[in-house]
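In case you want the letters, here they are:
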Amino acid sequence: MAKTKYINIGLYFRAILIVAILLGAASIRAQNNIIDIEQDMSGLSIPNYRLVYGNASYRMEDFFLLPNSHKLLLLSGVGQAIFMLLDEQHLTLDMLEFASAPANIQFWMDSDSTFCYNSIFFYKSKRCPIDYKTGVAEFTIRRNSLMFNRCYPIDKRYSINHSFAQIKKFKVSTFALPANKRKRNGAIGVEVNGNTIIRHELLHVDSLYAEALFPFSELNGSLYVYDALSHTLHRCQGAEHTYRHVHLSTSSQGDSAKTYYYRLLSDEQAERLYLLETYRVDGESRRRGRSQTVFQQRLYRLDTLAMAWQQVELSLPHRVSQMRIDNGSVFVIFERPVGNGRSERLLYESRTKL
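It should be emphasised that the depicted structure is a prediction, and the values quoted were computed from it without experimental measurement.

Along the protein, the regular secondary structure elements total 3 helices and 25 strands. Across the 354 residues of the protein, 41% fall into the buried class. Within the protein, contacts between residues at least 6 apart in sequence are counted, and of these 41% link residues at least 24 apart. For the protein, the accessible area works out to roughly 20600 Å², and carbon and sulfur atoms hold 49% of it.

We now examine the side chain of Glu-61. Summarising the element assignment, Glu-61 is placed in strand S2 (residues 59–65). Each residue touching Glu-61, except ones within four places of it in the same chain, is listed here: Leu-74, Ser-76, Ile-105, Gln-322, Ile-333 and Arg-345.

Attention now goes to the nonpolar core. Of all hydrophobic cores here, the largest spans 30 residues; its most connected members are Val-190, Leu-223, Tyr-226, Leu-233, Leu-264, Leu-275 and Trp-309. Each residue touching Trp-309, except ones within four places of it in the same chain, is listed here: Tyr-226, Val-246, His-247, Leu-248, Leu-264, Leu-273, Tyr-274, Leu-275, Tyr-300, Arg-301 and Leu-302. One finds Leu-66, Phe-115, Phe-139 and Leu-146 within the second-largest nonpolar core, a separate group that totals 21 residues.

As a general feature of sheets, a regular strand has side chains that alternate between the two faces. Sheet topology places strand S15 (residues 222–227) next to strand S16 (residues 232–237); 5 bridges connect them, and they run antiparallel. Within S16, the position partnered with Leu-223 by the bridge is Cys-236. Connecting the antiparallel pair S15 and S16 is a turn made up of 4 residues, with His-231 showing a positive phi of about 55°. What sits between S16 and strand S17 (residues 240–245) in their antiparallel hairpin is a turn of 2 residues, with Gly-238 showing a positive phi close to 65°.

Turning to the packing of aromatic side chains, a few remarks are in order. Under the criterion given, the structure shown has 18 aromatic pairs. Their ring planes at 50° and their centres at 5.7 Å tell us that Phe-334 and Tyr-348 sit as a pair that is tilted. Pair noted here: Phe-334 is in strand S24 (residues 329–339) and Tyr-348 is in strand S25 (residues 342–350), with a separation of 14 residues, a long-range link. The exposure class of Phe-334 is buried, given its relative accessible area of 0%. Grouped by ring-pair contacts, the aromatic residues Phe-64, Phe-83, Phe-98, Phe-107, Phe-115, Tyr-117, Phe-122, Phe-139 and Phe-148 constitute a single cluster. Above the ring of Phe-148, the side-chain terminus of Arg-127 is found at 5.9 Å from the ring centroid. Arg-319 extends its terminal NZ or CZ atom over the ring of Phe-295, reaching a point 4.2 Å from the ring centre.

Conventions used here
Residues numbered from 1 in each chain as written. Predicted model: local features only at pLDDT ≥ 70, side-chain atom pairs only at ≥ 80, totals over all residues. Heavy atoms only, no water. Helix = DSSP H or I, 4+ residues; strand = E, 2+ residues; numbered from the N terminus. Buried < 20%, exposed > 50% of the residue type's maximum accessible area, 1.4 Å probe, protein only. Contact = heavy atoms within 4.5 Å. Areas by Shrake-Rupley, 256 points an atom, 1.4 Å probe, with all protein chains shown as cover. Core = buried A, V, L, I, M, F, W, Y, C linked by side-chain atoms within 4.5 Å. Pairing = 2+ DSSP bridges. Phe/Tyr/Trp six-rings, centres within 6.5 Å; stacked < 30°, edge-to-face > 60°. Lys NZ or Arg CZ within 6 Å of the ring centre and 35° of its normal.

Take it as geometry only, folks, not as evidence of what the structure does.
Written as structure tokens, this is what we have:
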């Protein structure tokens, strides 16, 4: 009996020792995990910006700022588009998914509560019966929920030649018409509510090129369209259409700089127009005689008295994919390199106001 008792006591202490070792190992692994997480978070920090949302599982395409400090995000994955509604604390309120191709995504606000999503083609699903066709899906925001409305197809030929968006009172489309047998040159331009307000004839046209050169935005019930080819700012208010020349200084770019695209931004609260310019500069030569393309960006504010774009002092440490300005607060999607030629898109807010 005594021998059996000593054996049981020995097994007991041995079991305690094993448990202690396992707990110690688990503690070390937990500490290592915490350190890894802290290192990952420090890697996401950008000077003068705070992180709003990031998810490595999805690619962030676009976002929209709502009046109640909520944000509507457009994310894309493999064969799907995901709309995510965030509250003022950047917590998820609701999500809405569409089976669609991620290429050539268009997303806009049709009214104060209705949104439209256009994809080059949808996959057939229970929510949207369109089968491998170009279409538009509509949904609304009600009581902090995303409610699906309808899904309808559109003419694919029109969608290829036109990049369109309907914003409140205006239906705007940038078009690129290729040359044909009768005409040597093609044409690019802008239509507003079915009327052509800008048209340029070019030898080579491209729909993405047209969208990049004719950005538009709505401000206080008026639609503004910037023509980067002629440096004119067009204003549409109802049936009235006016335009004025706007000076844009590009002397600092140098001869090696080439403009890539423009974005026209409006700050409804501050009643200001901004222009985001992206241009590429040929970098230093790398191995095998290849040169590295470097993208740089500048933000301008419209001086209405001088009718000129004045550069804004704003740090842009990474390439901006999308930008919104609300009462001087700047929200941007930065494209950050993550190695192996890949990049991620995360949503940030500037810590300082314009």
